[in-house]
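# Residue-level structure breakdown
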Amino acid sequence: MAIINQALARKRFPNVDPVGKRFRTDNATREWVQIVGVCADTHYASLRDPAPPQFFLPYVQQPEVGGMTYAIRTQIPPGELFPALRQVVQQADRDLPIVDLRTQREQIDANMQMERAFAALTPGFGVLALALACVGIYGIMAYSVAQRTNEIGIRLALGAQPGQVRSMILRESTWLTFVGIVAGVASALWLTRLVKSMLYGVTPNDPVTLAAGVVVLLAIALAATWIPARRAASVQPMEALRHE
């Protein structure tokens, strides 16, 4: 007799009630097992992968057992429950060891330790990358304005308005940012498959995440360009024409 999970029921007995039917195991004995119930799917080895097809046999039907794991549902705090469990086991058999006693939350935390560490570090690297991008855009545009001081002075002397000069600098910055974002998104779409195994609850090419990143980068780029653009618009024509 055995209880199977829903994944095994869908795989071996699709669109029929599996209770009462039999199947042959994949072990060395190749014995026939009768199904007496179906339980929900449960994640064991990984929280990201789909639950595998499984079946559960009673303890008395096992020819050999190297160890057993018990799951206990209780409202008692773990600090009070653990000593009581150890006492019960010792009363049943003093030579029976009890190891790796933990709550389900502790088990999940242990399995997700690397993923959570990665998730905690990723925002920090993202903020650092945004700061470097902001500094880089500001430096490029400030250098461009300094190199074009004479040109800006001539434009102002010929009647260009400060707002037009400011808009010109912002347009150039937006164009450079757009080219960089296109290249960055293309690289991200190709490189996300390298971190696919570290993602949980989100697809590697999630459109909402990519769109949010594009909007943030555009906002950062415009903010970083505003100071050089305002400086260019405040240039005095006579001073600009004397600038070498």
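All values derive from a computational prediction rather than experimental measurement.

All chains considered together, the criterion is met by two aromatic pairs. Each ring, one from Phe23 and one from Phe55, has its centre 5.3 Å from the other, and the planes form 70°; the classification is edge-to-face. Taken as a pair, Phe23 in strand E2 (residues 22-24) and Phe55 in strand E4 (residues 55-56) lie far apart in primary sequence, 32 residues in all. What makes Phe23 buried here is its relative accessible area of 3%.

By size, the foremost hydrophobic cluster in this structure holds ten residues: Met141, Val145, Ile152, Leu156, Val165, Met168, Ile169, Leu170, Ala229 and Ala232. Looking at this core, the elements that each hand over two or more residues are helix H4 (113-147), helix H5 (149-157), helix H6 (162-191) and helix H7 (207-233). Excluding residues within four positions of it along the chain, Ala229 makes contact with Arg166, Ile169 and Leu170. Ranked by size, the runner-up nonpolar core spans eight residues in total, among them Ala2, Ile4, Ala9 and Phe13.

Ordered in space as E2-E3-E1-E4, the four strands form an open sheet in which the pairing is mixed. Bordering the open sheet on either side are E2 and E4, each of which pairs with just one other strand. Where strand E1 (residues 2-5) meets E4, two bridges bridge the pair, whose relative direction is antiparallel. Residue pairing across strands places Ile4 opposite Phe55, the latter belonging to E4.

Computed from the structure, the largest pocket encloses a volume of approximately 1,800 Å³. Forming the boundary of the largest pocket are 40 residues, of which Thr69, Tyr70, Ala71, Ile72 and Arg102 lie nearest the centre. Within the residue set of the lining of the largest pocket, elements represented by two or more residues are helix H2 (78-92) and helix H3 (104-111). For the lining of the largest pocket, the element with the most residues is H2, which contributes six residues.

This part covers the packing of H3 against H4. Where H3 contacts H4, the two axes come as close as 4 Å, and the packing angle between them is 65°. In this structure, H3 contributes Arg105, Ile108, Asp109, Ala110 and Asn111 to the contact, and H4 contributes Gln113, Glu115 and Arg116.

One pass over the full model with this rule turns up two salt bridges. Asp41 serves as the salt-bridge partner of Arg10, at 3.1 Å between the closest nitrogen and oxygen. Placement of the pair is Arg10 in helix H1 (residues 6-12) and Asp41 in the loop between strand E3 (32-39) and E4, with a sequence separation of 31 residues. Since its relative accessible area comes to 52%, Arg10 is described here as exposed.

Further remarks concern the confidence of the model for the chain. Residues at a pLDDT of 70 or more form 89% of the chain, whose mean pLDDT is 78. Here helix H8 (residues 237-242) stands out as the element of the chain with the lowest mean pLDDT, 62, in contrast to H1, whose mean of 89 is the highest.

Below, the discussion takes up the pairing of E1. Pairing of E1 with E3 involves four bridges; the strand directions are parallel. Considered in E3, the bridge of Asn5 is made with Cys39.

All right, on to H7 then. Because the α-helix completes a turn every 3.6 residues, residues three or four places apart line up on one side. For H7, which comprises 27 residues, the first-to-last C-alpha distance of 38 Å matches the rise-based estimate of 39 Å (1.5 Å per residue) to within 8%. At Trp226, H7 is bent by approximately 35°, the largest bend along its length, and proline Pro228 sits one to four residues beyond. Of all the positions in H7, only Ala221, Ala224, Thr225, Pro228, Ala229, Ala232 and Ala233 are classed as buried. Contact partners of the buried residues in H7: H4, H5 and H6.

To continue, consider unusual backbone geometry. Its identity is not glycine, yet Asn15 carries a phi of approximately 65°, on the positive side. Mapped onto the secondary structure, Asn15 falls in the loop between H1 and E2. Look at Asn15 and you get exposed, because its relative accessible area is 84%.

A word on the environment of Ala157. Turning to its location among the elements, Ala157 is positioned in helix H5. In this structure the C-alpha to C-alpha distance between Ala157 and Gln236, which are 79 residues apart in sequence, comes to 8.8 Å.

Calculation notes
Residues numbered from 1 in each chain as written. Predicted model: local features only at pLDDT ≥ 70, side-chain atom pairs only at ≥ 80, totals over all residues. Heavy atoms only, no water. Phe/Tyr/Trp six-rings, centres within 6.5 Å; stacked < 30°, edge-to-face > 60°. Helix = DSSP H or I, 4+ residues; strand = E, 2+ residues; numbered from the N terminus. Buried < 20%, exposed > 50% of the residue type's maximum accessible area, 1.4 Å probe, protein only. Core = buried A, V, L, I, M, F, W, Y, C linked by side-chain atoms within 4.5 Å. Contact = heavy atoms within 4.5 Å. Pairing = 2+ DSSP bridges. 1 Å grid on protein atoms, 1.4 Å probe; cavity = no way out; pocket = protein on both sides within 12 Å on 5 of 7 lines; lining within 4 Å. Points joined across faces, edges and corners; volume = space filled by probe spheres on them. Axes fitted to C-alpha atoms, helices over the stretch in contact; angles between N-to-C directions. Salt bridge = Lys/Arg side-chain N within 4 Å of Asp/Glu carboxyl O. pLDDT = per-residue confidence, 0-100. Expected span 1.5 Å × (residues − 1). Bend = angle between axes of the 7 residues up to and from the residue.

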